[in-house]
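Listed here are the chains, written in short residue letters.
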Amino acid sequence: MGRAEDEVVTLTSELIQIDSQNTGDLATTTGEAEAAAYVDAKLREVGYETEVIESGAPGRHNVFARLKGADPDRPALLVHGHLDVVPFDESEWSVHPLSGSVQDGYVWGRGAVDMKDMDAMILALARQFAAEGTVPPRDIVFAFLADEEAGGAYGSHWLAEHRPDLFAGCTEALGEVGGFSLTLGEDTRVYPVMTAEKSIAWMKLRVRSRPGHGSMIHDENAVTLLAEAVARLGRHRFPLVLTESVQGFFDEITELTGIEFPTDSAAALDGAVAKLGGVARVVGATTRDTANPTMLQAGYKANVIPSVAEATVDCRVLPGRQEAFERELDELLGPDVEREWIRNLEAVETPFDGDLVDVITRAVQDEDPQAHTLPYMMSGGTDAKAFVKLGMRCFGFAPLRLPPDLDFTALFHGIDERVPVDALTFGTRVLERILLRA
């Protein structure tokens, strides 16, 4: 077999061709079993002793392998990726989402950037290390996981609760979402290191009231009361709060570009963030909590006023803000609206410091002398939320050097998802440097 960068494109393409769509519903989710079997076979082919674990439901398979390091007394490093992808509508794509087509300098298909590209980098390097007899500085646990796209209940969180032994000795974790280059000016590139995530807090709202006939005057309509509350919440702007990770991101961008990020005015800050281009949609969401209504359910007949109306709201809360956020929610919703959390995974944050951060910075600068690393916060969430509970410091860094004009963040869960071939080989070289120095 060749070196990792020689097979990473093929591995990415073949992983994309495996259908592992995750709808969030066990009855309709394809599952990760086939993708896990593929990874397991590739690892066993080069001599790994693997463990394949079904995590709480049929077909939700995960693959683990451990590569022993030179110093058994050093804490281990977890390197993880997820095998599931979000669903797609084939009719919206210019290529088939499961084609894994390699054309126009890109690998195309669902999962190309989230995150079968990183899975392939990890797998290619794990294979190279075993084939060449490479011994890293410390133990590396390679983990390919299920169910990340639905919050990890049948993946990382199940594993952390039921099989913590798989992560024995791991004090740091490296996964998604970071490492993609942003070009500032003509020759300056920043590679964000994900050091924080907002919470994933999905909320059900419910109004109960007196039912009645649709033809009559009715002053206590559950649909109306709920709609008014949802509208208030959907239009509300939560206060600006800059955490350590977000402030660090702004400070570094200011130093590199001169762009100022004023915090005395929400409008002024939003205007400054907009200058960052496509990444602004992510960064802007990390300056405040958000609560976006996403689903409404009420009624069963046109002429019947129902007794219950419900809504689902996708809330994303900044680290340290949960209690204040809930107080603000209750003020907005009022006494007629019941609320309950149907999924509530806490926000996480770790400082942008330490040996692993230094290794990441040196590794990317060795491949790109114009590179700068900086901390950033994800507006969404990853499997890191499970691993923080096991005492790990979690960082997101899936290295990719991207064309300056590529709106990369729009490709996450987007139509015509694709990753540049050159970015894959670049990222594999950077990740190799990281794993051999970490």
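Residues numbered from 1 in each chain as written. Predicted model: local features only at pLDDT ≥ 70, side-chain atom pairs only at ≥ 80, totals over all residues. Heavy atoms only, no water.

Asker: Give a description of the overall build of the protein that names residues and reports values.
Answerer: Scanning the protein for helices and strands turns up 12 helices and 19 strands. For a compact globule of 438 residues, the expected C-alpha radius of gyration is about 22 Å, and the protein comes in at 23 Å, within 12% of that figure. Seen along its three principal axes, the alpha-carbon backbone of the protein occupies a region of about 80 × 50 × 45 Å. Within the span of the protein, comprising 438 residues, buried residues form 57% of the whole. Long-range contacts, defined as pairs at least 24 residues apart, comprise 80% of the intrachain contacts of the protein with a sequence gap of at least 6. For the protein, the accessible area works out to roughly 17900 Å², and carbon and sulfur atoms hold 48% of it. Averaging the locations of the 39 positively and 71 negatively charged side chains of the protein gives two centres separated by 3 Å. (Helix = DSSP H or I, 4+ residues; strand = E, 2+ residues; numbered from the N terminus. Rg over C-alpha atoms; globule rule 2.2 N^0.38 Å. Buried < 20%, exposed > 50% of the residue type's maximum accessible area, 1.4 Å probe, protein only. Contact = heavy atoms within 4.5 Å. Areas by Shrake-Rupley, 256 points an atom, 1.4 Å probe, with all protein chains shown as cover. Lys, Arg positive; Asp, Glu negative; His and termini not counted. Charge placed at Lys NZ, Arg CZ, Asp CG, Glu CD.)

Asker: Account for the sheet that holds strand β4 (residues 102-103), with residues named and values stated.
Answerer: One open sheet accounts for three strands, arranged β4-β5-β19; its pairing is antiparallel. Both edges of this open sheet fall to β4 and β19 (418-420), since each of them pairs with a single strand only. Pairing of β4 with strand β5 (residues 106-108) involves two bridges; the strand directions are antiparallel. Directly across from V102, in β5, lies its bridge partner V107. (Pairing = 2+ DSSP bridges.)

Asker: Explain the environment of E148 residue by residue, including any values.
Answerer: Note that E148 resides in the loop between β6 (140-145) and α4 (156-162). Judged by its relative accessible area of 8%, E148 is buried. C-alpha separation for the pair E148 and V86, spaced 62 residues apart in sequence, amounts to 9.6 Å. Once residues lying within four places of it in the same chain are set aside, the contact partners of E148 are H82, D84, E176, G381, T382 and D383.

Asker: Quick one: what's the story with the pattern of salt bridges, residue by residue and with numbers?
Answerer: Summed over all chains, the structure comprises 35 salt bridges. For R60, the salt bridge identified is with E32, shortest N-O distance 2.8 Å. Taken together, the residues R60 in the loop between β1 (51-54) and β2 (61-67) and E32 in the loop between α1 (4-16) and α2 (33-45) connect sequence positions 28 residues apart. On the accessibility criterion, E32 (0% relative accessible area) is buried. (Salt bridge = Lys/Arg side-chain N within 4 Å of Asp/Glu carboxyl O.)

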